[in-house]
Amino acid sequence: MKALTHFSLSILLCLVALISHAGTDLPIDATSGEVVYKQSFKLHAKYTDEDIYALVQNWFADPGKFTCQNGECTAVPGKNKTTVDEQFNNAQPLQSLDPSSGRMTGKGLIKYFGGPNSNISLLYMEYYVVVEVKNHQLTATISKIKYHHFNRQTYLVKPIYKWQGGKPADSADKFENLLNGNLDNKEIEPLTAFVNQNMEQLFTDLQGFLKTKNVLDTNR
């Protein structure tokens, strides 16, 4: 029960820190203006940080949890699609280990197909997950989200046009810059909702992993 209370409080604090952006809540870092998701978990004192650091590397072993998409779309098979799929291959999510700092970095990928009347065709969105184990606490931070926009049928690079006209959004840029590009809310809101949902699922999965391995501290 204490563990549930602690986790609920953590979620509440996270929600309080959210800033409304384009009609959908997103965690915006006040200093950098970057979209940053963060969650911390207290760890059982009977395990050393080194033990848990080695254990958590296994959380990155399943590429499926670090690659998701909101649908399917018929594309013209060809070199363009093959090249894009190879470029964004995420078969090995774990990217780097730094035992001296207790940190490890993984990579994630979101494929997002816009609706039939959307100016968003197909986004490949990359992000990085930094997991730090220190002083019997694990902190996971998801940031550095960047999008790449393609024509969903030809897989050619494509800028994102606006219904109101003007300069289109770049075909590749930081996620927060796309949100600041004055795109219509009806296009931005489903996108941000899907991204939020995916990040929440990652944190839930990480909590479940730690719980299964009996390393969560249920008394704090």
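For the structure itself, consult the block above.
Definitions and limits used
- Residues numbered from 1 in each chain as written.
- Predicted model: local features only at pLDDT ≥ 70, side-chain atom pairs only at ≥ 80, totals over all residues.
- Heavy atoms only, no water.
- Helix = DSSP H or I, 4+ residues; strand = E, 2+ residues; numbered from the N terminus.
- Buried < 20%, exposed > 50% of the residue type's maximum accessible area, 1.4 Å probe, protein only.
- Areas by Shrake-Rupley, 256 points an atom, 1.4 Å probe, with all protein chains shown as cover.
- Salt bridge = Lys/Arg side-chain N within 4 Å of Asp/Glu carboxyl O.
- Polar contact = N/O pair within 3.5 Å; in protein donor to acceptor, adjacent residues only side chain to side chain.
- Contact = heavy atoms within 4.5 Å.
- Phe/Tyr/Trp six-rings, centres within 6.5 Å; stacked < 30°, edge-to-face > 60°.

Peer 1: Sorry, what's going on with the overall build of the chain here?
Peer 2: When you go through the chain residue by residue, the secondary structure sums to 5 helices and 9 strands. When its helices and strands are written in sequence order, the chain yields α-β-β-β-α-β-α-β-β-β-β-β-α-α. Going through the 220 residues of the chain one by one, you find that 41% of them count as buried. Carbon and sulfur atoms form 52% of the exposed surface of the chain, whose accessible area is close to 11800 Å².

Peer 1: Is there a simple way to explain the pattern of salt bridges in this structure?
Peer 2: Any two side chains of opposite charge can pair if their charged atoms end up close together. If you walk through the whole model with that rule in mind, you get 4 salt bridges. For Glu126, the salt bridge is made with Lys107, and the minimal N-O distance between the two is 3.0 Å. In this pair, Glu126 sits in strand E7 (residues 122-134) while Lys107 sits in strand E6 (residues 103-113), placing the two residues 19 residues apart along the sequence.

Peer 1: Before we go on, may I ask you to explain the side chain of Asp49 in this structure?
Peer 2: Inspection of the secondary structure puts Asp49 in helix H2 (residues 49-56). Exposure remark for Asp49: the relative accessible area of 19% places this residue in the buried category. From its side chain, Asp49 meets the backbone nitrogen of Asn135 in a polar contact 2.8 Å long. Apart from residues lying up to four places away in sequence, Asp49 is in contact with Val133, Lys134, Asn135 and His136.

Peer 1: Explain the packing of aromatic side chains here, please?
Peer 2: Each aromatic ring pair is described using two quantities: the centre-to-centre distance and the angle formed by the ring planes. According to the stated counting rule, one finds 9 aromatic pairs in the structure shown. Between Tyr124 and Phe150 the ring centres are 5.7 Å apart and the planes differ by 85°, which places this aromatic pair in the edge-to-face class. Within this pair, whereas Tyr124 is found in strand E7, its partner Phe150 is found in strand E8 (residues 137-150), the two being separated by 26 residues in sequence. Each member of the pair Tyr124 and Phe150 is classed as buried. Ring geometry for Tyr124 versus Tyr155: centroids 6.3 Å apart, planes at 75°, classification edge-to-face. Of the two residues, Tyr124 sits in strand E7 while Tyr155 sits in the loop between E8 and strand E9 (172-174), which places them 31 residues apart along the sequence.

Peer 1: Would you mind going over the environment of Trp59 with me for this structure?
Peer 2: For Trp59, the position within the fold is in the loop between H2 and strand E4 (67-69). With 146 residues separating them in the primary sequence, Trp59 and Asp205 have C-alpha atoms 9.0 Å apart. Within the local environment of Trp59, its side chain forms a polar contact with the side chain of Asp205, the two groups lying 2.7 Å apart.

Remember, this is a structural readout, not a statement about activity or role.
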